[in-house]
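# A structural walkthrough
Residues per chain are reported as follows:
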Amino acid sequence: MILGVLLLAFAGLPILLELRRRRMGTDLRRRAEGRFAELSQGITHYDWLGPEDGKVAVCVHGLTTPSYVWRGLGQGLAGLGYRVLIYDLYGRGYSDRVKGDQNSDFFLRQLQDLLDDQRVTGRFVLLGYSMGGAIATAYAARFPDRVRHLFLIAPAGMGDLTNRRTLFVRDTPVIGDWLMLLFFPRQHRRAVEADRGVPSSVPDIVDRQLEELGKRGFVGAVLSSFRHMLKSPLEPEHRAIYEAKLPVNVIWGEVDDVIPLAAMGTLTQWNRTAQHHVIASAGHGLTYTHTPRILEAVRAALQNPDT
């Protein structure tokens, strides 16, 4: 009897922990920098950086770190005269926790809804980091006439997910959800804390990442992205971008243990005209740890008169 109660309590622990996290709403959003748009799927948190008359650059963040990951690089792009749009993907930051499979269509709908809401009608520079690189790739492949230049920073989409435990969680309904709720927060906290003390262009980047773990729906959104957006390689999309002759620059971290440098060879096979730049000693947090080096690579690429 006692053993059964203990087992039942242990089984319900992840759900209890999730229910104790703060629900996204007005109280949390009072702390947010930027603005909010009511789109077809829900509320999206966004912000603009740079001169109002600048060419538009749109930045898509990755799996776990919301739009503030771009604030350092975004200010650098603003200094180059660009009008920079950053936003939180659903399930992250201050955007709504939207139900549904977080696949390519899910994320492209949010992006297109936001562009329509903000009346971005012309061509723009598109930047994607980590999973945001996969989203940006999918968008550029579907709407190549909208994208002026594509920048991918440590991009997902080359089939790099090899951890057996992660694959089991991704591919196993119910049990996988339970394991994700129970173990992911501790693993994510450990990984984020490893960057504490590392120079960053985004103040308090570690504490801000840890805050996400206190928001209800964050862990589920990460799992849904694992199961959908990050499940399949994006070979057709990269080949479509190549056929469209869209300018692509890819920036890699030399010691990235999340998106290994070996992925560069795979992407090169799919798009022979993509230009690659490797930042020495950079890990997966290069967007905020090596901001000047990334900005230098972006600026050099954008000096092309066609951009």
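Residues numbered from 1 in each chain as written. Predicted model: local features only at pLDDT ≥ 70, side-chain atom pairs only at ≥ 80, totals over all residues. Heavy atoms only, no water.

## Observations concerning the packing of aromatic side chains
Within the structure shown, the criterion is met by 6 aromatic pairs. Ring centres 6.4 Å apart and planes at 85° place the aromatic pair Trp70 and Tyr129 in the edge-to-face group. Within this pair, whereas Trp70 is found in the loop between β3 (56-60) and α3 (71-79), its partner Tyr129 is found in strand β5 (residues 124-129), the two being separated by 59 residues in sequence. Ring centres of Phe184 and Phe218 lie 6.5 Å apart, and the angle between their planes is 50°; this geometry places the pair in the tilted category. Here Phe184 is found in helix α7 (residues 175-193), whereas its partner Phe218 is found in helix α9 (residues 218-227), with 34 residues between them in sequence. Like Phe184, the residue Phe218 is buried in the burial classification. One aromatic cluster is present, formed by Tyr90, Phe106 and Phe107 through successive ring pairs. (Phe/Tyr/Trp six-rings, centres within 6.5 Å; stacked < 30°, edge-to-face > 60°. Helix = DSSP H or I, 4+ residues; strand = E, 2+ residues; numbered from the N terminus. Buried < 20%, exposed > 50% of the residue type's maximum accessible area, 1.4 Å probe, protein only.)

## Looking at the sheet that holds strand β2 (residues 43-49)
Sheet strands associate in pairs through backbone hydrogen bonding, adopting either a parallel or an antiparallel arrangement. Spatially, 8 strands are ordered β1-β2-β4-β3-β5-β6-β7-β8 in an open sheet, and the strand pairing comes out mixed. The sheet is open, and its two borders are formed by β1 (35-38) and β8 (275-279), each paired with just one other strand. Shown here is a sheet whose adjacent strand axes are inclined to one another by a mean of 25°, direction ignored. Across 4 bridges, the pairing between β3 and β5 is parallel. Among the inter-strand pairings, Val60 is bridged to a residue of β5, identified as Gly128. Most of the contacts of helix α13 (residues 291-302) go to strand β6 (residues 147-153), to which it runs at about 155°, and overall it touches β5, β6, β7 (248-253) and β8. (Pairing = 2+ DSSP bridges. Axes fitted to C-alpha atoms, helices over the stretch in contact; angles between N-to-C directions. Contact = heavy atoms within 4.5 Å.)

## Here's the deal with a nonpolar patch on the surface
A surface patch of nonpolar side chains, amounting to about 310 Å² of accessible area, comprises Phe168, Val174 and Ile175. Mapped onto the secondary structure, Val174 falls in the loop between α6 (164-171) and α7. For Val174, a relative accessible area of 65% gives the class exposed. (Patch = residues over 30% accessible without salt bridge, like charges linked within 9 Å, V, L, I, M, F, W, Y side chains within 5 Å. Areas by Shrake-Rupley, 256 points an atom, 1.4 Å probe, with all protein chains shown as cover. Salt bridge = Lys/Arg side-chain N within 4 Å of Asp/Glu carboxyl O.)

## Examining the nonpolar core
Inside soluble globular proteins, nonpolar side chains tend to come together where they are buried. Judged by nonpolar contacts, the single largest core of 91 residues is most densely connected at Val58, Trp70, Leu126, Leu150 and Leu286. In terms of residue count, the dominant contributor to this core is helix α5 (residues 131-142) (7 residues). When neighbours within four sequence positions are excluded, Leu150 is seen to be in contact with Leu126, Ala136, Ala140, Ile241, Leu246, Pro247, Val248 and Asn249. (Core = buried A, V, L, I, M, F, W, Y, C linked by side-chain atoms within 4.5 Å.)

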